Amino acid sequence: MGVECGNGLTNAVVVMNLALTPATTNIAANGGVAVFQLTTNSYFGPGGVSWSISPTNGVSLNPEASQFTVTPNGSNGGVYTVTARCVDNTNVSAQAVANVFRIDIAQAETAVW
């Protein structure tokens, strides 16, 4: 497919689109996992997608071609932004949010009967 320019030359037009699901998710800091996936209407060209997360502290990452797995590893919690970006056109990107919650319950006393 091409678009004809006024001079008789034909140039290819590549439409790129990225969208992530879920847009926002909540994860437990101890034992939680979140998987972000590209939606079916995403097209990123032959170069693929690069994945990143910010901030990077306290999480382990498993980027694959169409999904990105986040495991908090007992982090202190916080808001993490996952970004998928087209390698062929870095202006095309999508973001999603992982809210990591850490709840610590300390036992102050032990009653022995």
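**Remarks on the overall build of the chain**
(1) Moving on: When its secondary structure is counted, the chain shows zero helices and 10 strands.
(2) Moving on: Going residue by residue from the N terminus, the α and β elements of the chain occur as β-β-β-β-β-β-β-β-β-β.
(3) Moving on: Looking at the chain residue by residue over its 113 residues, the buried ones come to 29%.
(4) Moving on: Residue pairs in contact within the chain that sit at least 24 positions apart in sequence constitute 57% of those at least 6 positions apart.
(5) Moving on: Looking at the chain as shown, the accessible area adds up to about 7300 Å², and 51% of this sits on carbon and sulfur atoms.

**Quick word on unusual backbone geometry**
Note: most peptide bonds trans; most residues except glycine with negative phi.
(1) Moving on: Cis peptide bonds are those with omega within 30 degrees of zero, and the linkage from T21 to P22 qualifies with -5 degrees.
(2) Moving on: Within the secondary structure, P22 sits in the loop between β3 (20–21) and β4 (24–28).
(3) Moving on: Residue P55 is reached from S54 by a cis peptide bond, and omega for that bond is -5 degrees.

**Brief notes about the sheet that holds β4**
(1) Moving on: Spatially, β4-β10-β9-β6 is the arrangement adopted by the four strands of the open sheet, whose pairing is mixed. Of all the strands in the sheet, just β4 and β6 (49–54) have a single pairing partner and so form its edges. Going from strand to strand, the sheet's axes swing by 25 degrees on average, the running direction of each strand aside.
(2) Moving on: Bridge count between strand β9 (residues 78–86) and strand β10 (residues 93–101): eight bridges; the pairing is antiparallel. Considered in β10, the bridge of T81 is made with V97.

**Considerations on the confidence of the model for the chain**
(1) Moving on: Averaged over the chain, the pLDDT score is 83; the fraction of residues at 70 or greater is 88%.
(2) Moving on: Element-level pLDDT for the chain is lowest in strand β1 (residues 3–4), with a mean of 52, against a maximum mean of 94 in β3.

**Points about the sheet that holds strand β8 (residues 67–71)**
(1) Moving on: Judged by pairing direction, the sheet is antiparallel, and its four strands sit side by side in the order β3-β5-β8-β7 without closing on themselves. Here the strands that pair on one side only, and so sit at the sheet edges, are β3 and β7 (60–63).
(2) Moving on: In terms of strand pairing, β3 meets strand β5 (residues 34–38) through two bridges, oriented antiparallel. Bridging across to β5, T21 finds its partner in Q37.

**Looking at the nonpolar core**
(1) Moving on: With 23 residues, the main nonpolar core has L18, W51 and V70 as its most contacted residues.
(2) Moving on: If near-sequence neighbours (up to four positions away) are discounted, L18 is found in contact with L38, S42, F44, V49, A84, R85, C86, V92, S93 and A94.

Cut-offs and rules
Residues numbered from 1 in each chain as written. Predicted model: local features only at pLDDT ≥ 70, side-chain atom pairs only at ≥ 80, totals over all residues. Heavy atoms only, no water. Helix = DSSP H or I, 4+ residues; strand = E, 2+ residues; numbered from the N terminus. Buried < 20%, exposed > 50% of the residue type's maximum accessible area, 1.4 Å probe, protein only. Contact = heavy atoms within 4.5 Å. Areas by Shrake-Rupley, 256 points an atom, 1.4 Å probe, with all protein chains shown as cover. Pairing = 2+ DSSP bridges. Axes fitted to C-alpha atoms, helices over the stretch in contact; angles between N-to-C directions. pLDDT = per-residue confidence, 0-100. Core = buried A, V, L, I, M, F, W, Y, C linked by side-chain atoms within 4.5 Å.

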